Every structure is written in structure tokens, then in C-alpha cells.
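Residues per chain are reported as follows:
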Amino acid sequence: LTVGTGLAEHNNYAVDFIRATREIKRVCPGCKISGGVSNIAFSFRGNEAVRRAFHSAFLHHACNAGMDMGIVNAAQVKADAYDKIDKELLGYVEDVLLNLCDNATERMLEFAATLEPKCKPTAVVKKGSGSSVSEKKASGASWRDEEVASRMSYALVKGIDEFIVKDTEECRVSGKYAKPLHIIEGPLMSGMNTVGDLFGAGKMFLPQVIKSARVMKKAVAHLIPFMEEEKRLAALENPDEVQTASHAGLMVLATVKGDVHDIGKNIVAVVLGCNNFKVIDLGVMVPYDKILDAAEEHNADIIGLSGLITPSLDEMVTVAKKMEERKMNVPLLIGGATTSKMHTAVKLTPQYSGPVIYVLDASRSVPVCQSLMDKENRDDFVQDIKDQYTELREEFYTNLEDRKYLTLEEARKKAGVLDFSLPENTPFTPNFIGTKVIDDFEFDDILQAIDWNPFFQTWQLRGRYPNRGYPKIFNDETVGEEAKKLFDDAQKMLAEFKEKECLKMVAIAGIYPANSVGDDIVVYKDETRAEVTHTFYTLRQQAEKDNDDPYMALSDFIAPASSDVKDYLGMFACSSGFGLEAVIEERRAAHDDYGIIMAEALADRLAEAIAEVLHQRVRKDLWGYASDESLSLNDLLKVKYDGIRPAPGYPSQPDHTEKLAMWDIMSAEASTNIKLTESLAMLPAASVSGLYFGGKNSQYFSVGKICKDQLTDYAVRKKMDIKECERWLSHSLNYEP
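Given the structure is predicted, the values throughout are model-derived calculations rather than measurements.

Quick notes on the rules
In this numbering scheme, every chain counts its residues from 1 along its sequence in written order. Only residues with pLDDT of at least 70 are given local features in this predicted model, and only at 80 or more are side-chain atom pairs given and counted; all residues enter the totals for whole chains, interfaces and linings. The side-chain quantities take in all heavy atoms of the structure and omit both hydrogens and water. Pairing of aromatic side chains here covers Phe, Tyr and the six-membered ring of Trp, requires ring centres within 6.5 Å, and sorts the geometry by plane angle: under 30 degrees stacked, over 60 edge-to-face, intermediate tilted. A helix here means a DSSP run of H or I that spans at least four residues, while a strand means a run of E at least two residues long, and both kinds are numbered starting from the N terminus. Three labels apply to residues, based on accessible area from a 1.4 Å probe with only protein chains included: buried if under 20% of the type maximum, exposed if over 50%, partly exposed otherwise in between. Counted as over-ring charges are cases with an Arg CZ or a Lys NZ within 6 Å of the ring centre that also lie within 35 degrees of the ring normal. Axis geometry follows a simple rule: fit a line to the C-alpha atoms, using only the stretch in contact for helices, then measure angles between N-to-C directions, giving values from 0 to 180 degrees. Here the angle decides the label: under 35 degrees means roughly parallel, over 145 means roughly antiparallel, 65 to 115 means roughly perpendicular, and every other value means oblique. In this scheme the crossing of two helices becomes right-handed for a clockwise turn of the near helix relative to the far one and left-handed for an anticlockwise turn of less than a right angle. Throughout, a contact is declared for two residues whenever any of their heavy atoms are within 4.5 Å. Each residue is assigned to one class: nonpolar for Ala, Val, Leu, Ile, Met, Phe, Trp, Tyr, Cys and Pro, charged for Asp, Glu, Lys and Arg, and polar for all the others, Gly among them. At least two bridges found by DSSP between two strands is the condition for calling them paired. A residue counts as positive if it is Lys or Arg and as negative if it is Asp or Glu; His and the chain ends are not included. We count a salt bridge whenever a side-chain nitrogen from Lys or Arg sits within 4 Å of a carboxyl oxygen from Asp or Glu. The term polar contact refers here to a pair of N or O atoms within 3.5 Å; inside protein, the definition further demands a hydrogen-donor-capable atom paired with an acceptor-capable atom, and it admits residues adjacent in sequence only when both atoms are side-chain atoms.

Novice: Looking at this structure, I do not really get the packing of aromatic side chains. What am I missing?
Specialist: Centre-to-centre distance and the angle between the planes together describe a pair of aromatic rings. Overall, the coordinates contain 19 aromatic pairs when judged by the stated rule. Taken together, a centroid distance of 5.9 Å and an interplanar angle of 90 degrees make the contact between Tyr470 and Phe474 edge-to-face. Consider the rings of Phe572 and Tyr692, whose centres lie 5.0 Å apart with planes at 15 degrees: the pair is stacked. Taken together, the residues span a long stretch of sequence, with Phe572 in strand β10 (residues 567-578) and Tyr692 in strand β13 (residues 687-692) at a distance of 120 residues. Residue Phe572 shares its accessibility class with Tyr692, and that shared class is buried. Among the aromatic residues, those joined into a ring-pair cluster are Trp452, Phe455, Phe456, Tyr470, Phe474 and Phe487. Here the basic side chain of Arg144 rests over the ring of Trp143, its NZ or CZ set 4.8 Å away from the ring centre. Its guanidinium or amino end placed over the ring of Phe474, Lys484 lies 5.9 Å from that ring's centre, counting from NZ or CZ.

Novice: Honestly, the packing of helix α21 (residues 580-589) against helix α22 (residues 593-622) in this entry has me stumped. Any pointers?
Specialist: For any two helices packed against each other, the geometry comes down to the angle between their axes and how far apart the axes lie. Remark: α21 packs on α22, axes separated minimally by 8 Å, with the N-to-C direction vectors making an angle of 165 degrees. Here α21 lies roughly antiparallel to α22, going by the angle between them. The way α21 lies across α22 gives a crossing that is right-handed. Across the interface between the two elements, Leu580, Val583, Ile584, Arg587 and Arg588 of α21 pack against Gly595, Ile596, Ala599, Glu600 and Ala603 of α22. For the contact of α21 with α22, the residue count by class is six nonpolar, one polar and three charged.

Novice: Any chance you could explain the pairing of strand β2 (residues 277-281) here in plain terms?
Specialist: For strand β1 (residues 249-255) and β2, the ladder comprises five bridges, and the chain directions are parallel. The residue of β2 that forms the bridge with Leu250 is Lys278.

Novice: Looking at this model, I keep getting lost on the side chain of Glu94. Mind explaining?
Specialist: With respect to the secondary-structure elements, Glu94 resides in helix α4 (residues 87-97). Although Glu94 is buried, it makes no salt bridge; Lys87 carries the closest opposite charge, 8.7 Å away. In terms of polar contacts, Glu94 uses its side chain to reach the side chain of His61, at 2.8 Å. A distance of 2.6 Å separates a polar atom in the side chain of Glu94 from a polar atom in the side chain of Tyr82. When sequence neighbours within four positions are dropped, the list of residues in contact with Glu94 reads Ala57, His61, Tyr82, Asn99 and Leu100.

As C-alpha cells, then:
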């Protein structure tokens, strides 16, 4: 297993192996032990001296402990004898390998960055110590003075697109490259290979990689017309000759049917492209047949599925089933906000006999895809994943059996009961009742309400304590500088949004007379409360608790109809996504992946900020129950105000179908053009919706798993077919339908 990954849980892997080897030899002296050598320094691939030093040091310590066998490069083992390794380098290596200090990985990365990547561990060469191109850069000479291939590689690594078209054309007409493809396979891929190595080693960050991809795309776009003309002439001369492309592998990538979110998918496509994978991106809301047809048409090596909302989990299961029906054996990669390794192991793997692999984020996609394309080691890699997932499934079902649940009747008896006659629980009569469309947001007010932490998470920039979170992240030694550059670029794009009025921000809010009836919330036509127009159905916690906490449902926070207390329910939907597609198309035409992902990420942040500003306006004005509220942004983001705004499809009410009642009662689509897809994702994707509860005692909670008795009761109340209800709530059931 790999050390030096930046993840604390990996730091002791080598030490654990050495100790385990020593103990096994003590207890079972006749036992033979094999160890994986090459993986130990996978984090430092691309830096020859560091990797080989790791291999030598690991072999020295592991063999002394009793390791008998490992796959090695025999010539390197002989050349890189432990006692010949540069002592300074060896010190850094063993700090990581033997986990001798907490900051060993960071120190190793800093030292590795000073070495020529192709030097030997027994004769290390520091950058700037000779006469190479990189040394000239170190002495202050301009990179624009180098020969054209070096300039192109430098521009790719640094993400500078200003001169790339000019340099690509100079390269094309230089006479050094017989074909435009040779430029791609030569200086361009050389630069991108360096980018891939640096990213994999943790020396480059996602925003830098996306900028590098932008440079690559602009260079390739310039060469494409010449390549197409070359193909046309070649076809005329040799009609029967088949043109083949050179790449590391081909992936068909899609966001599944009903889901509109694609930021993560777009990042994966760019990162894989930087590592010489060809990606066929089918976009969003893609049905299974289109995905599988494309995979067969392009002879895909891998299929990648993305999804954000929980119904997408079921659609992924459908894709896996259909792949099995077609007798496919293409590896299936799974990713997205609601996906998990456990869901993949429990729900997807049993449906498809081919490899199914969960990928946490874009940075993990590269080693996974490379392992799948490694013919020599692929079978072992796939089998290891299958073994892991088998263990996870067994663990999941064991936990299901061990976890105890109350019946729905018992849970209702232990529900939280509020006395709505008490002054602190008495509902506040709203200043406004009905539905209101709001489209007069001040752009600067929305900017002030942005929560920047998820923005940096999207770009996979995470500071370490005490510099976690915005704005402390700028002080982080590792990611601070890049985070500040990213933030500055975001400010420039936001200024452009404001100046050009690129995005339309719109919201709708409704406040209505309401009361609870058991686990349901009924909404009345007017204050006479004589006619119920809509009912919102809630779910109650059933997992047994080891304390006296109540078993909650959202209906507990609304006064019962039997109490004769007049209560109210609010709801909203808002979006900053109108106009975003035009922004993206403009960037796409400029081959600007960085700009596309930035625009999508900022639109998401703006939508959440609108929801924050709107909720504050509702509390202070429309509803008015907190008219004297005066909270800082930090307090708002920490939810220090009275009331909550839970969203259907999330922990307090995991059923997305409750959005249908919201859209109907507010006439949301007709009033704002915010639509619901067949999986009840919102369109545009940069949209937010939810319910408003105004009571001081209302709180967020997670329903967790529910039992068959509640599912049946819920389906009857909603007048929904049980199978259909189980489909929408499959991720919340404590049983297999």
C-alpha cells in the first residue's frame, strides 16, 4: 500500500507491514511472505530518485524483517543499494516510510521539488546545478527564450494559454514534426505527462490542472483542421486503411437520466484528459440505452456514471442491470455526491458481473483508470476491489441485522410533543400569506451571503488545521497560494457576471395556513381553514436510540389541527442558473474548461446565497417572526436563527416526490420557469428549494432507515403504489424490497 499520500490513515502502512512481517516470521517461521514494492512510492511517481530511494529503503527494512519475495527491477536493486543512497534523500524518505514525524510527507514533497526528476538516488542532482533548460529558468532567463517545444511544455505545466496557439503553429511549420499528431504526442503530451505526475504526487492542485487542460485544448483545436485535412488526403490515397488513435484508454462518461448536475463529471473528464485518456462526454440526463450504445459504438474501455440526487442511485442500478443483460464486461465507475463505496458494494456490484468501482473524486479517477488499463496487473486490481466490496456487503447486512428499530406505532408514542399554547411555542401570524415572486435581488447582497467553503471543496482545495475553511485557507502552507489565485479568478468572473448581467436570479416564496394531522401537514386554502388544498407527508425516525430523545418527524414542529392553534408552513424555490448555459457555451467555444467549471461552481454558490438572503427576508419581513434579527454572515451560515428550511430529498425528509406538492401550490414552474426533471432534480441545476418552519423549537435531524410498516403506512397516506414508494425511498429502507 502507498505511503506519503497526504492522508493520515496511510502514514503507518509501511511500518505496519514491517511489523506484521516480523511477527509472522516469529510465530510461523516456515511461512513465506511477499510484499508489493512498486506501490509503496506511488505518490511520487514521476520523480525517479525519490521512487527508487523508497524502493531501496523499503526492501532494506522489509527484508531484514523477513520478507521473502517481491517484484522488483533487478538492475535498479543492484544499482540502488541501501548504503549507496544519497544520505540527505534517505533521511527524508525514511521519515515518510517509517512515519517518524507528522509533517514527513510535506517535507518530502518540498525536497523532491528541488531534484531533477530523472536523476538517480545514488547521485542526486538539484535543480539549478547544471545547464539544463530548467536551470536557465532558475537563473532568471525568460521561458519565452527557449526553443518552441520547451515553451509549449512550460506553458502546459504553468497553465499559460497566452502564446500557445502561436507556439503550436511555429512548431507545426518548423519541419521537425512530420504530422500534426506528432506535436500532440510529442511536446504537448510531454507537458501533460508532467502535469499528471505532479498532480498525482500532490505537487499540483486541481485548479492548476484545469488551467493546463485549457492550454492543451487550445493547442489541439488549432491542430485539428490540419489533422482533418491530412486524414482526408490519406483516405483518398488509401481508402482501405484504418486510422487509429493513440490514447491511454477511452471512457464514456455521463450524468444519469433525470439528473442535471455535472461539475464533478466535467472535472473528471478534464483530469483524465490530462492523463492521455480520451473521454466521450454524453452530458446530463442521459438514459441508460444512450450510454451503453455509445460505449459499444466507441468500443469504450470504461464507463463512468455521475449523479447528485438520490434517485440517481437507482438509475445507476438500472444501468448496471442493463449492462449485465447485454453481457458487457466494461468496467463501470461510479461517482457523485450521493454515491458511496457502501452503496456501490451493496446495490450495484450484485447487478453486474463486470468490475464496478466507486471513485471518491477526480484525483482518484486517474489511478483507478490506469490500473484498469494495466493489462499485467488489472485482474489483481479488480479482484482486490471485489474482495473489498464483498466484505462491505457482509458488514452492511450484519449491521442491518444488529440494528434495532421501533415499530411505527411505538415511534409515534415517543414523538416529541410541543405545547403550542405556551408563549415560546405560539406560532407567529405572518405579515404576508400567499405566494410571491422575487426577482429584485441586489447582486452585491447575494455576493455577501456566499459560503466559500463548498467552493474550495469543489476544487479539491482543503487547508489543514488551523487553516481549514475560508478565509484561513489562504494562510495554509500547501494550498494557500493556489486558493488565493482561485479566489481572485472567482472575483473576476463574479464582476463580469455583475457587469454583463449574465445570470438572472429569481425566487418564489409562499406562506400558507397549515396544521399537522398525525405525521402529515395539511395546507389550507385560506385562514378560514375550512378547505385543505395540499398535504405534505413526513417520515418519522424508527432506529432505536440509547437515550430519551424523541423520535422526530417534521410534522412535530407544526401545531396539530386538534389544538385549535393556527400555524403556518412556508416554502421556496430559487435559481441563479438562467443564463448560465450561454456563459458555458462561450467558454466551451474558447476551449476553456477552467472557465466552464468556475462558472458552474459560482452559479451553485450564488443559488445557495440567494436561498440564504431569501430566508432572511422571509424571517424579517414576509413572515416577520424575527423582525429584529441582526446576525452576521458567519452566524447565518451556522444556522443561529430561529426556524429551519429542510429540503425534500435530504435527511429530514428523504422523499423527493414531496417537491411535487411544493411546485403545485406555488405554481413554481409557471412563475419562475424552474422545472423538475423526471427524477425531480431542479432545472437549471443551480437551483435550491425547501420548506420553511418558523417555530423556535424546529430543528434539523436525519430520519435514517425506516421499516416496512412505515413504508406501507406512508404509501397508503400518499395514495402511492408500494413498489413505487419503495423505489423513491430505496436508500432509506432497512430491508431489501
